[in-house]
Amino acid sequence: MKVLVPIKRVIDANIKVRVKADNSGVELNNVKMAMNPFCEIAVEEAIRMREAGSADEVIVVAVGPSQSQETLRTGLAMGADRAILIETDPIPEPLAIAKLLKAVAEKEDPGMIILGKQAIDGDNNQTGQMLAGLLNWSIGSFVSKLSVEGSTVKVTREVDGGLENIDLAAPAVITVDLRLNEPRYASLPNIMKAKKKPLDTHTPEELGIDVSPRLEVLQVLEPPGRTAGVRVNSADELVEKLRNEAKVI
Amino acid sequence: MSILVIGEHDNAALRPSTLNVVTAAKALGSDIDVLIAGSDCQGAADEAATIAGITRVLKADDAALSDGLAENMAPLVQSLAENYSHVLAPATTYGKNLLPRAAAILDVQQISDISGIESEDTFVRPIYAGNAMATVRSNDALKLITVRTTSFEAAEFGGAAPVEDVSGGTNAQLSTFAGEELTRSERPELTTADIIVSGGRGMQSSENFAMLETLADKLGAAVGASRAAVDAGYVPNDYQVGQTGKVVAPDVYIAVGISGAIQHLAGMKDSKIIVAINKDEEAPIFQVADYGWVTDLFEAIPQLEASLGADAS
Ligand SMILES: Cc1cc2nc3c(=O)[nH]c(=O)nc-3n(C[C@H](O)[C@H](O)[C@H](O)COP(=O)(O)OP(=O)(O)OC[C@H]3O[C@@H](n4cnc5c(N)ncnc54)[C@H](O)[C@@H]3O)c2cc1C
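So, here is what we can say about the structure in this document.

Thresholds, definitions, all that
- Residues numbered from 1 in each chain as written.
- Chains lettered and ligands numbered in written order.
- Predicted model: local features only at pLDDT ≥ 70, side-chain atom pairs only at ≥ 80, totals over all residues.
- Heavy atoms only, no water.
- Near = heavy atom within 4 Å.
- Polar contact = N/O pair within 3.5 Å; in protein donor to acceptor, adjacent residues only side chain to side chain.
- Areas by Shrake-Rupley, 256 points an atom, 1.4 Å probe, with all protein chains shown as cover.
- Helix = DSSP H or I, 4+ residues; strand = E, 2+ residues; numbered from the N terminus.
- Nonpolar A, V, L, I, M, F, W, Y, C, P; charged D, E, K, R; others polar.
- Expected span 1.5 Å × (residues − 1).
- Buried < 20%, exposed > 50% of the residue type's maximum accessible area, 1.4 Å probe, protein only.
- Phe/Tyr/Trp six-rings, centres within 6.5 Å; stacked < 30°, edge-to-face > 60°.
- Lys NZ or Arg CZ within 6 Å of the ring centre and 35° of its normal.
- Core = buried A, V, L, I, M, F, W, Y, C linked by side-chain atoms within 4.5 Å.
- Axes fitted to C-alpha atoms, helices over the stretch in contact; angles between N-to-C directions.
- Parallel < 35°, antiparallel > 145°, perpendicular 65-115°, else oblique.
- Left-handed = near helix turned anticlockwise from the far one by under 90°.
- Contact = heavy atoms within 4.5 Å.
- Salt bridge = Lys/Arg side-chain N within 4 Å of Asp/Glu carboxyl O.
- Buried area = accessible area lost by both parts, 1.4 Å probe.
- Pairing = 2+ DSSP bridges.

### Description of the site of the ligand
Part 1 of the reasoning: The environment of the ligand is made up of 28 residues, and the closest members are Arg201, Ser226, Ser259, Gln263 and Asn278 of chain B.
Part 2 of the reasoning: Here an oxygen atom of the ligand and a side-chain polar atom of Arg201 of chain B are 2.6 Å apart.
Part 3 of the reasoning: The separation between an oxygen atom of the ligand and a polar side-chain atom of Ser226 of chain B is 2.5 Å.
Part 4 of the reasoning: Contact with the protein chains removes 84% of the 990 Å² of surface that the ligand exposes when unbound.
Part 5 of the reasoning: For the shell around the ligand, the secondary-structure elements that each account for two or more residues are helix H1 (37-52) of chain A together with helix H6 (227-231), helix H7 (262-265) and helix H8 (297-310) of chain B.
Part 6 of the reasoning: Tallied by class, residues from the shell around the ligand come to 9 nonpolar, 14 polar and 5 charged.

### Some remarks on helix H3 (residues 70-81) of chain B
Residues and elements named next belong to chain B.
Part 1 of the reasoning: The end-to-end C-alpha distance of H3 is 15 Å, a good match for the 16 Å that 12 residues give at a rise of 1.5 Å each.
Part 2 of the reasoning: The buried fraction of H3 is high, at 9 of 12 residues.
Part 3 of the reasoning: Among all positions in H3, only Ala70, Glu71, Asn72, Met73, Ala74, Leu76, Val77, Leu80 and Ala81 are buried.

### Regarding the packing of aromatic side chains
Part 1 of the reasoning: This model, assessed by the stated rule, comprises 1 aromatic pair over all chains.
Part 2 of the reasoning: When the centroid spacing of 6.5 Å and the interplanar angle of 50° are considered together, the rings of Phe209 of chain B and Tyr234 of chain B count as tilted. Taken together, the residues Phe209 of chain B in helix H5 (residues 206-219) and Tyr234 of chain B in the loop between H6 and strand S14 (252-256) connect sequence positions 25 residues apart.
Part 3 of the reasoning: For Phe209 of chain B, a relative accessible area of 1% puts it in the buried group.
Part 4 of the reasoning: For Lys117 of chain A, the ring lying beneath its charged end belongs to Phe142 of chain A, and the centroid distance is 5.7 Å.

### Points about the nonpolar core
Part 1 of the reasoning: In this structure, Ile113 of chain A together with Val87 of chain B are the most contacted members of the largest nonpolar core, which totals 51 residues.
Part 2 of the reasoning: Broken down by element, this core gets its largest block of residues, 8 residues, from helix H3 (residues 94-108) of chain A.
Part 3 of the reasoning: Formed by 42 residues, the second largest nonpolar core is a distinct cluster that contains Phe38, Cys39, Val143 and Ala172 of chain A.

### Remarks on the packing of H3 of chain A against helix H4 (residues 127-135) of chain A
All names here are of chain A.
Part 1 of the reasoning: Between H3 and H4, whose axes approach to 9 Å, the crossing angle comes to 50°. It follows that H3 is oblique to H4 by the angle criterion. For H3 against H4, the interelement crossing comes out right-handed. Together, Pro94, Leu95, Ile97, Ala98, Lys99, Leu101, Lys102 and Ala105 of H3 and Thr127, Met130, Leu131, Leu134 and Leu135 of H4 make up the contact between the two elements.
Part 2 of the reasoning: The residue makeup of the contact of H3 with H4, split by class, is 10 nonpolar, 1 polar and 2 charged.

### As for the pattern of salt bridges
Residue and element names in this part refer to chain A.
Part 1 of the reasoning: Counted according to the given criterion, the structure contains 28 salt bridges over all chains.
Part 2 of the reasoning: Across the salt bridge formed by Asp121 and Lys8, the nearest N and O atoms sit 3.1 Å from each other. Of this pair, Asp121 sits in the loop between strand S6 (112-116) and H4 while Lys8 sits in the loop between strand S1 (2-7) and strand S2 (9-11), and the two are 113 residues apart along the sequence.
Part 3 of the reasoning: Residue Asp121 is classed as buried on the basis of its relative accessible area, which comes to 11%.
Part 4 of the reasoning: Across the salt bridge formed by Asp177 and Lys117, the nearest N and O atoms sit 3.2 Å from each other. One end of the pair, Asp177, is in the loop between strand S10 (172-176) and helix H5 (188-194); the other, Lys117, is in the loop between S6 and H4, and 60 residues separate them in sequence. As far as burial versus exposure is concerned, Asp177 and Lys117 are alike and both buried.

### Some thoughts on the packing of H4 of chain A against helix H4 (residues 93-105) of chain B
Part 1 of the reasoning: Packing of H4 of chain A against H4 of chain B leaves a shortest axis separation of 7 Å and a crossing angle of 45°. Here H4 of chain A is positioned oblique relative to H4 of chain B, judged by the angle of their axes. Classified by chirality, the crossing of H4 of chain B by H4 of chain A is right-handed. Of the residues in H4 of chain B, those in contact with Gln129, Met130, Ala132, Gly133 and Leu134 of chain A of H4 of chain A are Lys96, Asn97, Pro100, Arg101, Ala103, Ala104 and Ile105 of chain B.
Part 2 of the reasoning: Class assignment for the residues of the contact of H4 of chain A with H4 of chain B results in 7 nonpolar, 3 polar and 2 charged.

### Some points on the interface of chain B and chain A
Part 1 of the reasoning: Each side of the interface is counted separately: chain B has 86 residues, and chain A has 78 residues.
Part 2 of the reasoning: Counting the surface chain B buries against chain A, the share from its top three residues, Gln109, Tyr128 and Tyr291 of chain B, is 12%.
Part 3 of the reasoning: At the boundary of chain B with chain A, the tally comes to 6 salt bridges.
Part 4 of the reasoning: Across the pair Arg214 of chain A and Asp140 of chain B runs a salt bridge whose closest N-O atoms are separated by 2.7 Å.
Part 5 of the reasoning: Our count for the chain B to chain A interface comes out at 50 residue pairs in polar contact (both at pLDDT 80 or more).
Part 6 of the reasoning: Residue composition of the side of chain B that touches chain A, by class: 38 nonpolar, 28 polar and 20 charged.

### Comments concerning the sheet that holds strand S4 (residues 86-90) of chain B
All names here are of chain B.
Part 1 of the reasoning: Spatially, S5-S9-S4-S1-S2-S3-S10 is the arrangement adopted by the 7 strands of the open sheet, whose pairing is parallel. Of all strands in the sheet, those bounded by a partner on one side alone are strand S5 (111-114) and strand S10 (163-165). Across the sheet, the mean angle separating the axes of adjacent strands is 25° when strand polarity is ignored.
Part 2 of the reasoning: Bridge count between strand S1 (residues 2-6) and strand S2 (residues 31-38): 5 bridges; the pairing is parallel. Bridge pairing links Val5 to Val34 in S2.

### Considering the pairing of strand S9 (residues 143-147) of chain B
All names here are of chain B.
Part 1 of the reasoning: Summarising burial for S9: 5 of the 5 residues are buried, a large majority.
Part 2 of the reasoning: Of the two faces of S9, the one lined by Lys143, Ile145 and Val147 and the one lined by Leu144 and Thr146 are each fully buried.
Part 3 of the reasoning: The pairing of S4 with S9 spans 5 bridges and is parallel. Of the residues in S9, the one forming a bridge with Val87 is Leu144.
Part 4 of the reasoning: As paired elements, S5 and S9 share 2 bridges and run parallel to each other. The partner of Ile111 across the bridge, within S9, is Ile145.

What follows is the structure, given as C-alpha cells:
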C-alpha cells in the first residue's frame, strides 16, 4: 500500500511570531521555517508503517512556494521515498489544498493519507477532514493510536471527553495528534541520500484546480496583552488576595 | 439571516458548548435553529428546546447518527444547509471533526475557531497559537463556522421552542464506532469551570498529581494539565490545556509547576486571574500571572490547603 503524507512549511514552533507593523499579517521575512510539528508525526507514522511492512511506499506532498522543497527534503531525509511539490504562492486556504491533494490522490491511488491535525500557523484544523469529505473516504481525526488489520484501520482518537475508538474502512484519511509517536531526527547520511530522491513539481493549473481565496484577511493585530502582576510570599497571602482582592474564590 | 447551530450532546443531554454557540448565533441574527442529530436523542432535543431565543429544534433521530460519525453526519448538514445563511458548530473535538467535512462537500471555506463577530461576513479568530488575531471576511454565500466557546457567554434557558423531526440519517458504511474510554469525574468540566488547578511536568508523577486533585476539591475546581504532564502519563489526554488541547477561560487558573510555553498560554491566557506557582522565578508563566509565588510546589500545595481550610469562607 502507498501512503501519502501531505506536509506544510510553517514558522518554527519555537519562534515567537511578530505581527507586521502595517497589520497585514505576521512577519515571515528572515524567520526560521520548519516542517509543521504535526506533519513530522505524520511522516514518522508512515515510515514506521513501511518499516513494519504495512506500507510499501511513502510519498510526501507539499502545497506551497518553491521553498517548500526544503520541507519535502526533510521528509525524504526522515525516510520518505519520494516527494511531490504543488508549487503555488502564497499557500492556499485549506479547501483549495484539499482539492489539490484530492487530485494527487486520484493519480497516486494511496491506501491511506496521513496528515497533521492542524498547522501551527493558521490553526485551522480543516485540511484532513475536508480531503476525506471530497474523496468520500473514512476519517480518523486527532489520532493517538493506529493499526492496520486487513482492510480495516483501527484508530484511537483524542476527544474532549477522553479517548474514542473507531474502525475505518480503507482507504482512510488520518489526522494525527501529538501522542501518536515521537518523530525521528534525520541522520546526516540520510540527509545526503535525500538529495537524490525524486521530487516532482506540479502546479494547480496542471491539476485543473482553482486556488483563489474565499476569505479576505482584513487585518492582523497583536492580541490584547497581559502584564505581570504581583509576587506573593505565602499561602495565606495568596488566599487572602484571591478572596478579597480578586474575589474569585 | 437564518442560522443553524449544530448542537453537541450525548443523546440524553445537551453539552454546554451548544449554549455558547447559540450566543454567537444571536450576534448574527434572530432566526436560529438548533440541530440535534443522534439516536434516541429526544432527551437532548427536549433540553435544546428550552434554550431561550431559538426558533426551532430540528431532531434527526437515526441509528446511523448515534455516535456523531462525521461520514454519516456531514451529508445531513449538507442537505439542511441550503435553508440557512450560516451554519455554526462549537470548536470542540466534535465540531472540528464534523464541520470541515460538511464545508468541503458544500464547497465552502470554513472559518475556524472564531472569537469575535464583526458583521454577518466578518469574524475575528486567533492564529499562531493566539499570538495574532486575524479579522477575516468570507466571500462564500454560505458561511460555515466553528466557535471558540470561551469567547461567548452561555445562552440562558427558559424558552419553549418546537421540536421538529427531520430525516437524513444514512450510514455511509465507512466507519464504525468501536468504544470509548471517557474520563469520569465528579469535578466540574474543564471548559466551563470557574476555577482550574492545573499541573505541569513539575508535578513529577501521577501520585503527586493527586495532591492537586485534593486542592481542586477544596476549591470546587476542575483539574487541567500541560502537554508535558499528559505526555508523561500523569493524567489522561483530556486534561490538556493549550493550542492543541482545550481552551479555557475560568475566573482563576492556578498553574502549578508549569513553565508557560506559548502553546500552553494559548489555551489559558484569557483566564480572568492567573496564579503561577513555580520554583523558577524566570519561568515565562510569571509574565502573564496576576499573582506569582516563587516556591517549591511540594511545600506550597499543603500550605495552600491549610490556608484555605483555616478560614473557610
Ligand atoms: C505543536 C506543539 C503543540 C503543543 N501544544 C501544547 C498544548 O496544547 N499544551 C501544552 O501545555 N503544551 C503544548 N506544547 C508543549 C509546550 O511547548 C511545552 O513543552 C509544555 O507546555 C511544557 O509543559 P510544562 O510547563 O509542564 O513543562 P516544563 O516546560 O518542563 O516546565 C516545568 C516547570 O515546572 C517547574 N518546576 C519543576 N519542579 C518544581 C517544583 N518542585 N516546584 C515548583 N516548580 C517546579 C519548573 O521550574 C518549570 O518551569 C506543544 C508543543 C508543540 C511543538
